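For reference, the chains in residue letters:
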There are 2 protein chains.
Amino acid sequence: MKQLLLLLLLAPCLLFAQSGTLKYVCPPCGPCDTIVYHKQGKCPHCGMVLMKKDTIDQKRLKVCFYLQDGVEVLDFAGPMEVFSYAGFEIFTVSKKKKLISQGVLKITPDYSLADAPPADILAVFGGNAGVAADDPEVIAWIKARDKATASYFSVCTGAFILGNAGLLNHQTATTFHQSINHLRERLPQTKVVENVRFVDNGRIITTAGISAGIDGALHLVGKLKGEEEAQRIAREMEYDKYVPNQGMITANK
Amino acid sequence: MKQLLLLLLLAPCLLFAQSGTLKYVCPPCGPCDTIVYHKQGKCPHCGMVLMKKDTIDQKRLKVCFYLQDGVEVLDFAGPMEVFSYAGFEIFTVSKKKKLISQGVLKITPDYSLADAPPADILAVFGGNAGVAADDPEVIAWIKARDKATASYFSVCTGAFILGNAGLLNHQTATTFHQSINHLRERLPQTKVVENVRFVDNGRIITTAGISAGIDGALHLVGKLKGEEEAQRIAREMEYDKYVPNQGMITANK
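These numbers were taken from a predicted model, which means no experiment stands behind them. (Residues numbered from 1 in each chain as written. Chains lettered and ligands numbered in written order. Predicted model: local features only at pLDDT ≥ 70, side-chain atom pairs only at ≥ 80, totals over all residues. Heavy atoms only, no water.)

## Remarks on the overall build of chain A
Here is the rule we go by: Strands are runs of DSSP state E lasting at least 2 residues, helices are runs of H or I lasting at least 4, and numbering of each runs from the N terminus. Each residue is placed in one exposure class: buried if its accessible area under a 1.4 Å probe, protein chains only, is under 20% of its type's maximum, exposed if it is over 50%, and partly exposed if it falls in between. Should any heavy atoms of two residues lie within 4.5 Å, those residues are considered in contact. Using a 1.4 Å probe, the Shrake-Rupley method yields the accessible areas, and only the shown protein chains count as cover for residues.
If you tally the helices and strands in chain A, you get nine helices and 13 strands. In chain A, buried positions account for 53% of the 253 residues. Contacts in chain A between residues far apart in sequence, at least 24 positions, make up 62% of those at least 6 positions apart. Roughly 11700 Å² of accessible area belongs to chain A as shown, and the carbon and sulfur atoms make up 57% of that amount.

## Regarding the domain arrangement of chain A
Convention followed: These domain limits were set by an automatic method or by a database of domain assignments.
Taken as a whole, chain A is organised into domain 1 (24-55) and domain 2 (62-237). Its C-alpha centre places domain 1 of chain A at a distance of 29 Å from the equivalent point of domain 2 of chain A.

## So, the nonpolar core
The following threshold applies: The set of buried Ala, Val, Leu, Ile, Met, Phe, Trp, Tyr and Cys residues whose side-chain atoms join them within 4.5 Å is what this entry labels a nonpolar core.
Counting residues in hydrophobic clusters, the biggest one holds 80 residues, and the most contacted among them are Phe65, Phe76 and Phe83 of chain A together with Phe65, Phe76 and Phe83 of chain B. Non-local contacts of Phe76 of chain B, meaning those with residues more than four positions away in its chain, are made with Leu105 of chain A together with Phe65, Leu67, Val71, Ser101, Ile107 and Phe125 of chain B.

## Some points on helix α3 (residues 73-85) of chain B
All names here are of chain B. Put simply, the test is: Helix span, expected: 1.5 Å multiplied by one less than the number of residues in the helix.
Compared with an ideal rise of 1.5 Å per residue, which puts 13 residues at 18 Å, α3 spans 18 Å between its outermost C-alpha atoms and is within 8% of the ideal. Most of α3 is tucked away: 13 of the 13 residues are buried. Residue Gly87 follows α3 closely and has a positive phi angle near 85°.

## Describing the side chain of Thr172 of chain A
Residues and elements named next belong to chain A. Looking at the secondary structure, you find Thr172 in strand β9 (residues 172-173). A residue is classified by how much of its surface remains accessible, and Thr172, at 10% relative accessible area, is buried. Apart from the residues lying within four places of it in its own chain, the contact partners of Thr172 are Lys191, Val193, Val199, Asn201, Thr206, Met248 and Thr250.

## As for the interface of chain B and chain A
To be explicit about the condition: Values labelled buried area give the accessible surface lost by two parts on being combined, using a 1.4 Å probe and summing over both. Any Lys or Arg side-chain nitrogen located within 4 Å of an Asp or Glu carboxyl oxygen qualifies as a salt bridge. The term polar contact refers here to a pair of N or O atoms within 3.5 Å; inside protein, the definition further demands a hydrogen-donor-capable atom paired with an acceptor-capable atom, and it admits residues adjacent in sequence only when both atoms are side-chain atoms.
On the chain A side, the residues contacting the 43 residues of chain B number 43 residues. Summed over both sides, the interface of chain B with chain A buries roughly 3400 Å², with 52% coming from carbon and sulfur. Among the residues of chain B in contact with chain A, Lys106, Glu238 and Lys241 of chain B are the three that bury the most area, contributing 20% of the side total. Here chain B is connected to chain A by six salt bridges. Among the salt bridges present, the one from Lys106 of chain B reaches Asp110 of chain A, with a minimum N-O distance of 2.8 Å. Scanning the region where chain B abuts chain A turns up 31 residue pairs in polar contact (both at pLDDT 80 or more). Taken together, the elements giving at least two residues each to the side of chain B that touches chain A come down to α3, β4 (89-93), β6 (105-108), α8 (212-225) and α9 (227-236) of chain B. It is α3 of chain B that contributes the most residues to the side of chain B that touches chain A, nine residues altogether.

## A word on helix α5 (residues 136-145) of chain B
Residues and elements named next belong to chain B. Short version of the rule: As used here, the arc is the angular range of directions from the helix axis to the C-beta atoms.
Residues Val138, Ile139, Trp141, Ile142 and Arg145 constitute the buried set of α5. Down the axis of α5, the buried side of the element spans an arc of 155°, and every buried residue falls inside it. Of the residues in α5, the exposed ones pointing more than 90 degrees away from the buried face are Pro136 and Ala144. Buried-residue contacts for α5 involve β3 (62-66), β4, β7 (121-124), α4 (130-133), β8 (151-154) and α6 (158-164). Of the residues flanking the start of α5, the one acting as N-cap is Asp135, its side-chain oxygen 2.8 Å from the backbone nitrogen of Glu137.

## A few points about the sheet that holds β4 of chain B
All names here are of chain B. Our working rule: Strands were regarded as paired on the criterion that DSSP finds at least two bridges between them. Note on geometry: axes are C-alpha line fits, over the in-contact stretch for helices, and angles between N-to-C directions span 0 to 180 degrees.
Ordered by their spatial adjacency, seven strands build an open sheet running β4-β3-β7-β8-β12-β11-β13, and the pairing between neighbours is mixed. In this open sheet, the two edge strands, each paired with only one partner strand, are β4 and β13 (248-249). α5 rests against β3, β4, β7 and β8 of the sheet, and its axis sits at about 165° to β3.

## Let's talk about the sheet that holds strand β3 (residues 62-66) of chain A
Residue and element names in this part refer to chain A. Ordered in space as β4-β3-β7-β8-β12-β11-β13, the seven strands form an open sheet in which the pairing is mixed. With one partner strand each, in any of the chains shown, β4 (89-93) and β13 (248-249) form the two edges of the open sheet. Of the pairings in the sheet, the one linking strand β7 (residues 121-124) to strand β8 (residues 151-154) comprises four bridges and is parallel in character. The residue bridging Ile121 from the neighbouring strand is Ser151, located in β8. Lying on the sheet, helix α3 (residues 73-85) is in contact with β3, β4 and β8; it crosses β3 at an angle near 170°.

## Comments concerning the relation of the copies chain B and chain A
Stated formally: Copy-to-copy alignment: least squares on C-alpha atoms, limited to residues at pLDDT 70 or above in both.
In screw terms, the move from chain B to chain A is a rotation of 180° and a rise of 0.0 Å along the axis, fitting with an RMSD of 0.1 Å. This pairing of chains is accounted for by a two-fold axis. Judged by C-alpha distance, Ile107 of chain B is the residue of chain B that lies nearest the rotation axis, at 2.4 Å. The share of interface residues of chain B whose copies in chain A are also at the interface is 100%, consistent with both copies meeting through the same surface.

What follows is the structure in structure tokens.
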């Protein structure tokens, strides 16, 4: 009886505590996505109805950005912008503790090869891609994660990294325009095509050089979340030059 | 006589030493620009005839990228890619010793407000722009550098930073599409225009949101180095959607 009374007395506190731990965020739409609220309502920035943070977190796709020292800045920044607006959870990984992009930008990656968590999508990029593509440790790391990786995304000469991990065998792929012949020589079992913004093989998307990563990323978002979402993001980014499906979608899925 | 003999004996060494100190680089064209060679010839990567490094260094335009914590990744990465291909010397500055872009990318800036060297161009960007625009210390820093700054470049809500520094008074400007009205309210002495990729006032270029920074940067390169150079860079970046002069160029120079 005493226990019941205690429970009745504590009930409001327990309820309050439970309500106090609930966190709300706005559905993925832009920079306000990361603001955490402690009660229900509408996001004061975008006006959208807030959702429970847990629900959003569980649904968020995880994208691992592998960045090698010397990585081309727009190669990864375009997709990072697109995936961020799509509400994907992004983290960066590198073999190096510090790296420099484009000879300028000093970046500290979130994780090393040893402690990087799994991700739904592994994304790799060009700019000094050889240091990753020709590094047995990086290639072994990609292969070891393959079972837990749902899909792959490469920009520019990032295709060499996927290729050296054996992921492009019997696939169609593209790369930076100046590296088309080199990729053909390197990957005799891959059909390397030119003059396309991206090639979508189903599990693997490879894009052409540098800025083409934006189009490939929007295509991937369109596939995963619907073309309307890709177009919303393109509008937000003021990328009015976005043309849906402006790439090669192969039957090899 | 002894001195003359010594000089004759040493002459080959002196000549060799002089030749040994000369450094050669390839003319600005892409990632191979940063490779230093110690003899004349052609760049093995792009095939262009190498030039003396000193000559290139003296001619290189310096661009200061001011990056606030929370800066939008594509806002600065697009122009960084373009200016890098144009051979400009870029450095990053922030009030913070470490900053995070897009909630993800951990960046260490090259300089603080206290030790940043002068630059020909000051570039500012959106994404949490308020922390720079509303910071009296950052605004005072911009004003103090004004005499040594030849021109300004803003992307997205970076226009608020230039505006608060008084640089947009009696000028035409643009910004992120969702911030047009806000900029109009904030800067009553500025003609704020929408639906343009960029506005070029001569000394100041402001661009629309996020991806529009790429177009504004290509326009600036076209102005400074010729349209042919801008088109070469657009081709390198596989930005085949580049349309020259797709912005507003005012008479207010």
